[in-house]
Amino acid sequence: MPVKGNAGVQSPYRALAIAAMSLSLVLTLTGFQIWGAAPGYKLIGGVYGRYYWLDGSIGTTLASDIYSAKWSWGNATTTVAWAKTTTKANSVLEWYQSSQPATDLGYFGVAIFYLNGSLTSPIGYAPSSNYDKTKILLSSDVYSMNSQGILVHEMGHVMGLAHSGAGATAVMRSDIANLGYTVPKSDDVNGINWLYP
């Protein structure tokens with residue numbers, strides 16, 4: 001789901017997120033939330049030994065921050081291990097940065113889900129099935145907010161985590177752009193370890 005901040009950005013998908021939760025499309029288990037009903041929608045093939053690819057729109061500083069974001073998941077005692085590849089076809093996660101600011105896009109970052117080359121659901125929506133390829137699109141002004149937290153947050157979506165509850169101490173909170181969290185917390189780690197035992 002898109003990340004919004006307090007800079008007047010309202011996600012065009014807010015109504016959908018509320019409807020999805022009311023229809024139980026998001027399952028809550030001991031604090032963390034996953035996509036869909038148990039066992040949850042997730043990345044086919046798991047999150048260990050997977051590759052990510054950086055589009056040319058990703059500058060040097062952002063590439064370094066993405067590297068830090070993937071390490072924060074791997075260092076959080078999870079089964080997560082991502083490596084960068086220069087071959088797009090070998091990746092299951094592609095990173096892009098838009099030339100548009102969050103005020104135009106409606107988000108600072110959004111995870112997009114594919115299965116067999118087709119979207120599992122419209123951009124900005126939760127996946128409607130397991131998925132085998134993902135993309136993360138970042139706004140041009142991602143650095144105006146908690147950029148490291150946003151990167152880690154969007155990676156959490158790619159791996160199958162939905163937004164955590166408003167009071168949770170978790171990087172998966174929908175208001176991560178306004179918080180100081182930059183690494184996965186125990187709630188986030190529990191979710192990943194539950195999805196990928």
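Located above this text is the structure these notes cover.
Heads up: these notes are all about the structure in this document. (Residues numbered from 1 in each chain as written. Predicted model: local features only at pLDDT ≥ 70, side-chain atom pairs only at ≥ 80, totals over all residues. Heavy atoms only, no water.)

1. Examining the overall build of the chain
Part 1 of the reasoning: Of regular secondary structure, the chain possesses five helices and eight strands.
Part 2 of the reasoning: Ordered by position in the sequence, the α and β elements of the chain form the string α-β-β-β-α-β-β-α-β-β-β-α-α.
Part 3 of the reasoning: Nonlocal contacts in the chain, meaning residues at least 24 apart in sequence, comprise 71% of its contacts between residues at least 6 apart.
Part 4 of the reasoning: When the accessible surface of the chain is split by element, carbon and sulfur atoms take 55% of a total near 8300 Å². (Helix = DSSP H or I, 4+ residues; strand = E, 2+ residues; numbered from the N terminus. Contact = heavy atoms within 4.5 Å. Areas by Shrake-Rupley, 256 points an atom, 1.4 Å probe, with all protein chains shown as cover.)

2. With respect to the packing of aromatic side chains
Part 1 of the reasoning: Evaluation of the coordinates by the stated rule reveals five aromatic pairs.
Part 2 of the reasoning: A ring pair is formed by Trp53 and Tyr96, whose centres lie 5.9 Å apart and whose planes are at 65°; its orientation type is edge-to-face. One end of the pair, Trp53, is in strand β3 (residues 48-54); the other, Tyr96, is in strand β5 (residues 93-97), and 43 residues separate them in sequence.
Part 3 of the reasoning: On the basis of relative accessibility, which here comes to 17%, the residue Tyr96 falls in the buried class.
Part 4 of the reasoning: Through successive ring pairs, a cluster of aromatic residues spans Trp35, Phe113 and Tyr131. (Phe/Tyr/Trp six-rings, centres within 6.5 Å; stacked < 30°, edge-to-face > 60°. Buried < 20%, exposed > 50% of the residue type's maximum accessible area, 1.4 Å probe, protein only.)

3. Things to note about the sheet that holds strand β4 (residues 81-84)
Whenever strands of a sheet pair, they do so through backbone hydrogen bonds, lying parallel or antiparallel.
Part 1 of the reasoning: Spatially, six strands are ordered β4-β3-β5-β8-β6-β7 in an open sheet, and the strand pairing comes out mixed. In the strand order of this sheet, the two ends are held by β4 and β7 (118-119), each with one partner.
Part 2 of the reasoning: Here four bridges tie β3 to β4, and the two strands are oriented parallel to one another. Bridging from a neighbouring strand, Arg50 pairs with Trp82 of β4.
Part 3 of the reasoning: Strand contacts of helix α2 (residues 60-74): β3, β4, β5 and β8 (133-138), with the helix running at about 165° to β3, the strand carrying the most contacts.
Part 4 of the reasoning: Lying over the sheet, helix α4 (residues 147-158) contacts β4, β5, β6 (109-115) and β8, oriented at roughly 20° with respect to β6. (Pairing = 2+ DSSP bridges. Axes fitted to C-alpha atoms, helices over the stretch in contact; angles between N-to-C directions.)

4. Side note on the pattern of salt bridges
Part 1 of the reasoning: Counted according to the given criterion, the structure contains three salt bridges.
Part 2 of the reasoning: Ionic pairing is found between Glu94 and Lys133, a salt bridge with its closest N-O pair at 3.2 Å. Note that Glu94 is positioned in strand β5 and Lys133 in strand β8, a separation of 39 residues in sequence.
Part 3 of the reasoning: Members of the salt-bridge network, linked through shared partners, are Glu94, Lys133 and Lys135. (Salt bridge = Lys/Arg side-chain N within 4 Å of Asp/Glu carboxyl O.)

5. Here we look at the nonpolar core
Part 1 of the reasoning: Counting 42 residues, the largest nonpolar core has Trp73, Trp82, Trp95, Met155 and Met159 as its most contacted members.
Part 2 of the reasoning: Secondary-structure elements contributing two or more residues to this core are β2 (32-35), β3, α2, β5, β6, β8, α4 and α5 (186-195).
Part 3 of the reasoning: Apart from residues lying up to four places away in sequence, Met155 is in contact with Ala69, Lys70, Trp73, Trp82, Leu93, Trp95 and Ile136.
Part 4 of the reasoning: Counting eight residues, the second-largest nonpolar core is a separate cluster that includes Trp53, Leu105, Tyr114 and Leu137. (Core = buried A, V, L, I, M, F, W, Y, C linked by side-chain atoms within 4.5 Å.)

6. Some details on unusual backbone geometry
Part 1 of the reasoning: Here Asn116, not a glycine, exhibits a phi torsion of approximately 55°, which is positive.
Part 2 of the reasoning: Relative to the helices and strands, Asn116 is located in the loop between β6 and β7.
Part 3 of the reasoning: A residue is classified by how much of its surface remains accessible, and Asn116, at 65% relative accessible area, is exposed.

7. Things to note about the environment of Trp82
Part 1 of the reasoning: Mapped onto the elements of the fold, Trp82 is located in strand β4.
Part 2 of the reasoning: Taking C-alpha positions, Trp82 is 7.9 Å from Trp71, a pair spaced 11 residues apart along the chain.
Part 3 of the reasoning: Residues contacting Trp82, with those up to four places away along its chain left out, are Leu43, Val47, Arg50, Tyr51, Tyr52, Lys70, Val92, Leu93, Met155, Val158 and Met159.

8. Thoughts on the packing of α2 against α4
Part 1 of the reasoning: Closest axis-to-axis distance for the α2/α4 pair is 9 Å, and the angle between their directions is 55°. Classified by the angle between their axes, α2 and α4 sit oblique to one another. In the packing of α2 onto α4, the handedness of the crossing is right-handed. Of α4, the residues touching α2 (which contributes Leu62, Asp65, Ile66, Ser68, Ala69, Lys70, Ser72 and Trp73) are Ser147, Gln148, Leu151, Val152, Met155 and Gly156.
Part 2 of the reasoning: Per-class residue counts for the contact of α2 with α4 are seven nonpolar, five polar and two charged. (Parallel < 35°, antiparallel > 145°, perpendicular 65-115°, else oblique. Left-handed = near helix turned anticlockwise from the far one by under 90°. Nonpolar A, V, L, I, M, F, W, Y, C, P; charged D, E, K, R; others polar.)

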